[in-house]
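Structure at a glance
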Amino acid sequence: MKRVNTTEQSVPEGDYAIIVTAYEQTHMLPAVVASILRSKHTNYLIYIVADKCDVSTLHFADERVILLRPEQVLSSNTRSHFYAIQHFRRPHERLTIIDSDNLVDENYLHELDRSFNDGFLAVQGVRNAKNKNTMYACLDAARDLYYHFYDGKILFGVGSSATLAGSGMAFTVSLYRECLTQLDIRGAGFDKVLQFEILKRSKRIAFNQHAIVYDEKTAYTDQLVKQRSRWINTWFKYFRFGFSLMGKGILNANVNQLLFGFTLLRPPLFILLALSLVFFLINVFINIWVAIAWIVGILAFVGGFFLSLHHSEADKQIYASLKGIPLFIGYQLVSLVKARKANTISIATKHYERGETTK
């Protein structure tokens, strides 16, 4: 997916605040900072917001790294972001949000420059899998390839916006502040609110498939259930934004808002697939032609899923993991049951050090 000859057509370097958020865990921070410092870009500062973290073992010699430890526990992504903004060392033009478990490609900031240079105020990059050490991690990576293709490349390509993914995304500081300054978002889902605020202002979120970060995938079942519970909770909490944006899109004759609003109404893939199977089975006994229509739709979805994997050049590990989809869906059904209390069960995904396993 990397761009060929990225340096041949250079664009002016923007001034970036790279905000790295951590909650409770810090063991992956040295790696993410090291990856950022290898960037070919030169105009940036790194702000690490270590919320509810023991920072006694963290030492960064590079003066571009600013370690911030809030006096009070924030327990909120946006609170951490604004804490960083309040402690900016200079008035940055742009900010990009990176998770503490990410690694950043050396051309990431240069690729963001290209999108900003094209006139966009918000950009979503690609989150490639950093680990494929278990079947669940591979399936999580397959899911991301699907969304990168349809909710990133295709959606943006037809004139709408890429959906935000929580990290590997960048904004002008002024747009970010305009959208979220007056909102105090607790729990998961700040990216859902942020993309809605951007779209309702008739702005587009660019998709840049060459702006790459490497994301830690959920490798174990306890991670999967807790993370998906939070994500499902946010879909139920914020899917109503889809109706609002579709309405605005119709009134404003705005393709960006209309298509994006429709996308927000789509339930998580496992719910969509499970409901399709249920309706197929019901119609087997009611109307065989409707049942056939359902099975054709399911097969079309499966074909579309494999198309996204093929387009993204998924490796053999990912294809081999697909046999575990029924089990993967089963754990997500468990997540659905726990979704109502998701934000009281866990605030952030716990990541394990290499070689460490869950109990």
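Residues numbered from 1 in each chain as written. Predicted model: local features only at pLDDT ≥ 70, side-chain atom pairs only at ≥ 80, totals over all residues. Heavy atoms only, no water.

**Quick look at the nonpolar core**
To keep things clear, this is the line we draw: By convention a nonpolar core is built from buried Ala, Val, Leu, Ile, Met, Phe, Trp, Tyr and Cys residues, the set being connected through side-chain atoms within 4.5 Å. Categorising residues by exposure relies on relative accessible area from a 1.4 Å probe, with only protein chains included: less than 20% of the type maximum marks a residue as buried, more than 50% marks it as exposed, and the intermediate range marks it as partly exposed. Segments assigned H or I by DSSP are reported as helices when at least four residues long, segments assigned E as strands when at least two residues long, and all are numbered from the N terminus. Residues are treated as being in contact if the distance between any of their heavy atoms lies within 4.5 Å.
Formed by 38 residues in total, the largest nonpolar core has its most connected members in Y47, L95, F171, Y176, L180, L194 and I198. Ranked by residue count, the leading element in this core is helix α6 (residues 190-200), at six residues. Setting aside residues no more than four positions away along its own chain, L180 makes contact with T78, F82, I185, V193 and L194. Within the second largest apolar cluster, 31 residues are counted, among which are Y16, V33, I46 and V65.

**Regarding helix α3 (residues 108-117)**
The buried fraction of α3 amounts to eight of the 10 residues, a majority that puts the element mostly inside the structure. If you check which residues of α3 are buried, you get Y108, L109, E111, L112, D113, R114, S115 and F116. Note on α3: the residue one or two positions beyond its end, G119, has a positive phi of about 105°.

**Let's talk about the environment of A291**
Among the secondary structure elements, A291 is positioned in helix α11 (residues 288-311). Look at A291 and you get buried, because its relative accessible area is 1%. In this structure A291 touches F280, N283 and V284, once residues within four positions along its chain are discounted.

**Notes on the sheet that holds strand β8 (residues 205-215)**
Here is the rule we go by: Pairing between two strands is assigned when DSSP locates at least 2 bridges connecting them. Lines fitted to C-alpha atoms define the axes here, with helix axes fitted over just the stretch in contact, and angles between the N-to-C directions of these axes take values from 0 to 180 degrees.
Read from one edge of the open sheet, eight strands run β3-β2-β1-β4-β7-β6-β8-β5, paired in mixed fashion. At either margin of the open sheet sits one strand with a lone partner, and together these are β3 (65-68) and β5 (103-104). Relative to the sheet, helix α1 (residues 29-37) contacts β1 (16-23), β2 (44-51), β3, β4 (94-99) and β5, its axis offset from that of β2 by approximately 170°. Lying over the sheet, α3 contacts β1, β2, β4, β5, β6 (122-129), β7 (169-172) and β8, oriented at roughly 175° with respect to β8.

**What to know about the packing of aromatic side chains**
Here a ring pair, both rings aromatic, is described through the centre-centre distance and the interplanar angle of the planes. The cut-off we apply is this: Only Phe, Tyr and Trp rings are paired, with Trp represented by its six-membered ring, and only when their centres lie within 6.5 Å; those with planes under 30 degrees apart are stacked, over 60 edge-to-face, the remainder tilted.
Enumeration according to the criterion identifies 19 aromatic pairs in this entry. When the ring of F120 is compared with that of F156, the centres are 5.5 Å apart and the planes differ by 65°; the resulting orientation is edge-to-face. Of the two residues, F120 sits in the loop between α3 and β6 while F156 sits in helix α4 (residues 135-157), which places them 36 residues apart along the sequence. Here F120 matches F156 in class, with each residue buried. Taken together through their ring pairs, the aromatic side chains of Y146, Y147, F149, Y150, F301, F305, F306 and Y319 make up a single cluster.

**Let's talk about the pattern of salt bridges**
We apply this condition: We define a salt bridge as a contact between a side-chain nitrogen of Lys or Arg and a carboxyl oxygen of Asp or Glu at a distance within 4 Å.
One pass over the full model with this rule turns up 20 salt bridges. The partner of E93 in a salt bridge is R94, and the shortest N-O contact between them spans 3.4 Å. With relative accessibility at 42%, the residue E93 sits in the partly exposed group. The class for R94 is buried, based on a relative accessible area of 9%. When the shortest N-O distance is used, the salt bridge between K217 and D215 registers 3.1 Å. The exposure classification of K217 matches that of D215, with both residues buried. A network of salt bridges, in which partner residues are shared, links D99, R127, R143, D144, D215 and K217.

**A few points about the environment of S56**
We count it as follows: Any pair of nitrogen or oxygen atoms within 3.5 Å is treated as a polar contact; in protein, a donor-acceptor pairing is required on top of that, and neighbouring residues in sequence qualify only through side-chain atoms on both sides.
Tracing the chain through its elements places S56 in the loop between β2 and β3. Overall, S56 belongs to the partly exposed group, its relative accessible area being 48%. Reaching out from S56, the side chain makes a polar contact with the side chain of D54 at a distance of 2.8 Å.

**Digging into the confidence of the model for the chain**
So the rule is basically this: Each residue gets a pLDDT score, which is the predictor's confidence in that residue and runs from 0 to 100.
When pLDDT is averaged across the chain, the result is 90; 92% of the residues are at 70 or more. Long-range and interchain partners of residues 4-8, a stretch whose pLDDT sits below 50, account for four contacts in this model, where long-range means more than four residues apart. In this model residues 354-359 is a low-confidence stretch, pLDDT under 50, and it forms nine contacts with partners more than four residues away in sequence or in other chains.

**Quick word on the pairing of β7**
A two-sided burial pattern is seen for β7, the buried positions comprising M169 and F171 on one face and A170 and T172 on the other. By the bridge criterion, three bridges tie β6 to β7 in an arrangement that is antiparallel. Bridging across to β7, Q124 finds its partner in M169.

**Let's talk about the side chain of S35**
The topology assignment puts S35 in helix α1. When its relative accessible area of 3% is taken as the criterion, S35 is described as buried. Each residue touching S35, except ones within four places of it in the same chain, is listed here: L103 and V104.

**Quick look at the environment of A61**
Mapping A61 onto the fold places it in the loop between β2 and β3. We classify A61 as exposed; its relative accessible area is 86%. Along the sequence, A61 and C179 sit 118 residues apart, while their C-alpha atoms lie 34 Å from each other.

**Some remarks on unusual backbone geometry**
With a phi close to 55°, K52 is a non-glycine residue in the positive phi region. One can find K52 in the loop between β2 and β3. Positioned with a positive phi, A253 is a non-glycine residue whose angle comes to about 50°. Take A253: it is sitting in the loop between α8 (241-252) and α9 (255-265). The class of A253 is exposed, set by a relative accessible area of 72%.

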